[in-house]
There are 2 protein chains.
Amino acid sequence: MSVTAAKGFTAAGIAAGIKENGSPDLALVVNNGPRLAAAGVFTSNRVKAAPVLWSEQVLKGGLVSAVVLNSGGANACTGPQGFQDTHATAEKAAEVLGHNAGEVAVCSTGLIGVRLPMDKLLPGVEQAAKALSAHGGEKAAIAIKTTDTVHKTAVAESGGGWVVGGMAKGAGMLAPGLATMLVVLTTDADVDAATLDAVLREATRTTFDRIDSDGCMSTNDTVLLLASGASEVVPDEAEFAEAVRTVCADLARQLIGDAEGASKDIRIEVVGAATEDDAVEVGRSIARNNLLKCAVHGEDPNWGRVLSAIGTTSAAFEPDRLNVAINGVWVCRNGSVGEDRELVDMRYREVRITADLAAGDASAVIWTNDLTADYVHENSAYSS
Amino acid sequence: MSVTAAKGFTAAGIAAGIKENGSPDLALVVNNGPRLAAAGVFTSNRVKAAPVLWSEQVLKGGLVSAVVLNSGGANACTGPQGFQDTHATAEKAAEVLGHNAGEVAVCSTGLIGVRLPMDKLLPGVEQAAKALSAHGGEKAAIAIKTTDTVHKTAVAESGGGWVVGGMAKGAGMLAPGLATMLVVLTTDADVDAATLDAVLREATRTTFDRIDSDGCMSTNDTVLLLASGASEVVPDEAEFAEAVRTVCADLARQLIGDAEGASKDIRIEVVGAATEDDAVEVGRSIARNNLLKCAVHGEDPNWGRVLSAIGTTSAAFEPDRLNVAINGVWVCRNGSVGEDRELVDMRYREVRITADLAAGDASAVIWTNDLTADYVHENSAYSS
């Protein structure tokens, strides 16, 4: 159901010819109101793609009537011409939809440093506008795929007559930045822009911001949340926040499950931390340790690599009080050898690493993937 | 010539049986004086192996009469028993050499989290002591190899009657910490411990501390510099510092050239930085970008990945003033498309990336490797 699960939204996904192989590459999501409230979070990379620079400005107004998304090109590091291309895309969508260009967000994903083929993209926007449908969410989710093997959608239905739905793409370059991918969430709940902003920031902080596939931060990451108000229900804020968080967590888990070349999804839970910041710092350090990620790929419960990753952080801990469990077996106790590593069963795709800092009560969960020859292959041949 | 290039040193490398395959695994380096001055730098990982904890204490006295080094086991994360094993090793060396155990440094390298086979190691120390020779430097360098495919030695001869020589091991887990591997440097120049310390810290800061093979910081990294004074020459300090820096740079380059699974050595030069710290921060961020390292492996001049790595730093720069050259071709100018990427020839093992921040006059060079399927294979099967 994707972005059209919520009333008040139409969407489309078409093949505009941006991708040379003819796959779908252009999506359009339109908020038909009555409300046009919106919020967005963007990559914290200082090298931002043109569509990010554009959409950040659009979101300052708190109003988004439509989102144009293309795969097949990131429009990043494309200079003033690239920004003009994004601007022209928003103008084109505004023209065919009868909207204001200042309320049209634009998202792009694909190779960095290449101009978009505007002679294909602009006619594609017209074509997508004609294809808009209240059942178009699935096609939109398909059109934003790059190296994704499957499209990603999620929906949370409240008991109160409103829903939150969403779509996501992102297979490589997943790392906290914020955001970490292209995501569009929609709701027919009646919520103002300020509330959407607060809810979205808190939801992404503990979901998209805690998946770290390969430590690389994109130039294009964007998460948008649009509210149509079409249900005419003003939701309880806590209930609404939980629905948005649920959809974000669902999509984030799908992103990790489809990360480039991955054969294992690794859930890193840091417990016993003095603070949540400490727990997140340690979790990310473990998630980015290439040697550990290779070991997990080889189904090797190499807890020494967990300890050496923890040791690079500034978190509060004593080395001789650290405990590490892999899939529930405490292979490291008090910084030294614990239970027999032969007891660890790593055959399944999901691997759980628990790091106990023995320094407090705070905790955090970070998701990552193993490092595989397929990842190397996919990313050494990507642009050629 | 290795650690025995300098007069006053003897060394040995033998197979003690620590490695199950019977390869050499124990080295001994002895300073026969007349001077016993020494300095050391150690990993900044907070999870330190037992031999690091021991040797840090030894070095506080500024006197080292002998160094025992073993491969086949890191003696890290081995608890109080592991520390006792290191202590017993130093005591054994002191006993057979007639030295003071408090002046015997110990270095270990290999798998983390496994006790050393002391029933093999201690007789090995006796055996090594009997094999000590003024020509033993080569054998010592061979005995400290782990996944290294070649042993690494270097010598700088001064015109003034003294030399600096050294050996190094380290193929994975190379990252600035300090140190980043096991290195023993020797000199017959007559230099006091305080001068050795200052010279060694400055030399490692711009050599070993600026190679970053895989972003992983070891628990065992140790660099020792021992002076025998046997040349009876007190060197000019600047000349001596340059000789030590030369040997460190030579060994560092050899380490990168033999990094696990690597097919490309990548020299990242950051220029136009506001400060040297900025240049180093940017260089390391580029060096740790897995996507870029995969691209280099595929001989793909993917400068967008360089920009997205720069964008994650806090260095002073404007995104639209960044320039990037790959092997001398300025493929990115002013944050956007520059010269034709087809002009970049990446066939050779050494790849040069130049990042110009256009923000000042400071610069730094960081070395790294590409990320390959061989790296994944080697590190997913290492402990099993």
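None of the values given here were measured: they were computed from a predicted structure. (Residues numbered from 1 in each chain as written. Chains lettered and ligands numbered in written order. Predicted model: local features only at pLDDT ≥ 70, side-chain atom pairs only at ≥ 80, totals over all residues. Heavy atoms only, no water.)

Peer 1: Explain a negative patch on the surface to me, and be specific about the residues and the numbers.
Peer 2: Residues and elements named next belong to chain A. The grouping of Asp 192, Asp 236, Glu 237 and Glu 239 at the surface amounts to a negative patch. Secondary-structure assignment places Glu 239 in helix α6 (residues 237–257). Residue class for Glu 239 comes out partly exposed when judged on its relative accessible area of 38%. (Patch = residues over 30% accessible without salt bridge, like charges linked within 9 Å, V, L, I, M, F, W, Y side chains within 5 Å. Areas by Shrake-Rupley, 256 points an atom, 1.4 Å probe, with all protein chains shown as cover. Salt bridge = Lys/Arg side-chain N within 4 Å of Asp/Glu carboxyl O. Lys, Arg positive; Asp, Glu negative; His and termini not counted. Charge placed at Lys NZ, Arg CZ, Asp CG, Glu CD. Helix = DSSP H or I, 4+ residues; strand = E, 2+ residues; numbered from the N terminus. Buried < 20%, exposed > 50% of the residue type's maximum accessible area, 1.4 Å probe, protein only.)

Peer 1: Let's hear about the domain arrangement of chain A: which residues, and what values?
Peer 2: Residue and element names in this part refer to chain A. Split into domains, chain A comes out as domain 1 (2–257) and domain 2 (265–380). Each of domain 1 and domain 2 has a C-alpha centre, and these two points are 33 Å apart. When domain 1 packs against domain 2, close to 1300 Å² is buried across both sides, 38% of that on carbon and sulfur atoms. In this assembly, domain 1 and domain 2 are joined by six salt bridges. In this structure, the connection of domain 1 to domain 2 is made through 11 residue pairs in polar contact (both at pLDDT 80 or more). For the side of domain 1 that touches domain 2, the element with the most residues is α6, which contributes three residues. Residues of the side of domain 1 that touches domain 2, tallied by class, amount to four nonpolar, four polar and six charged. (Domains from an automatic or database assignment. Buried area = accessible area lost by both parts, 1.4 Å probe. Polar contact = N/O pair within 3.5 Å; in protein donor to acceptor, adjacent residues only side chain to side chain. Nonpolar A, V, L, I, M, F, W, Y, C, P; charged D, E, K, R; others polar.)

Peer 1: Please give an account of the interface of chain B and chain A that cites residues and values.
Peer 2: Counting residues at the interface gives 51 residues for chain B and 51 residues for chain A. Both sides together, the interface formed by chain B and chain A hides about 4000 Å², and carbon and sulfur atoms give 59% of it. Of all residues in chain B, B:Arg46, B:Asn290 and B:Leu291 bury the most surface against chain A, accounting for 17% of the area lost on that side. Here chain B is connected to chain A by zero salt bridges. Here chain B and chain A share 15 residue pairs in polar contact (both at pLDDT 80 or more) between them. Where the side of chain B that touches chain A is concerned, the elements lending two or more residues are α8 (290–297), α9 (303–310), β13 (336–337) and α10 (373–380) of chain B. Residues belonging to the side of chain B that touches chain A are distributed by class as follows: 22 nonpolar, 23 polar and six charged. (Contact = heavy atoms within 4.5 Å.)

Peer 1: Would you mind going over the packing of aromatic side chains in detail, with residue names and values included?
Peer 2: Applying the stated rule across the entire model yields four aromatic pairs over all chains. The lysine or arginine in question, A:Arg46, covers the ring of B:Phe317, its NZ or CZ lying 3.9 Å from the ring centre. (Phe/Tyr/Trp six-rings, centres within 6.5 Å; stacked < 30°, edge-to-face > 60°. Lys NZ or Arg CZ within 6 Å of the ring centre and 35° of its normal.)

Peer 1: Describe the packing of helix α8 (residues 290–297) of chain A against α10(B), naming the residues involved and giving the relevant values.
Peer 2: α10(B) packs onto α8(A) with a crossing angle of 70 degrees between their chain directions and a minimal axis gap of 7 Å. Here α8(A) lies roughly perpendicular to α10(B), going by the angle between them. Residue-level inspection shows A:Asn290, A:Leu291, A:Cys294, A:Ala295 and A:His297 of α8(A) in contact with α10(B), the latter providing B:Tyr375, B:Val376, B:Asn379 and B:Ser380. Among the residues forming the contact of α8(A) with α10(B), the class breakdown is five nonpolar, four polar and no charged. (Axes fitted to C-alpha atoms, helices over the stretch in contact; angles between N-to-C directions. Parallel < 35°, antiparallel > 145°, perpendicular 65-115°, else oblique.)

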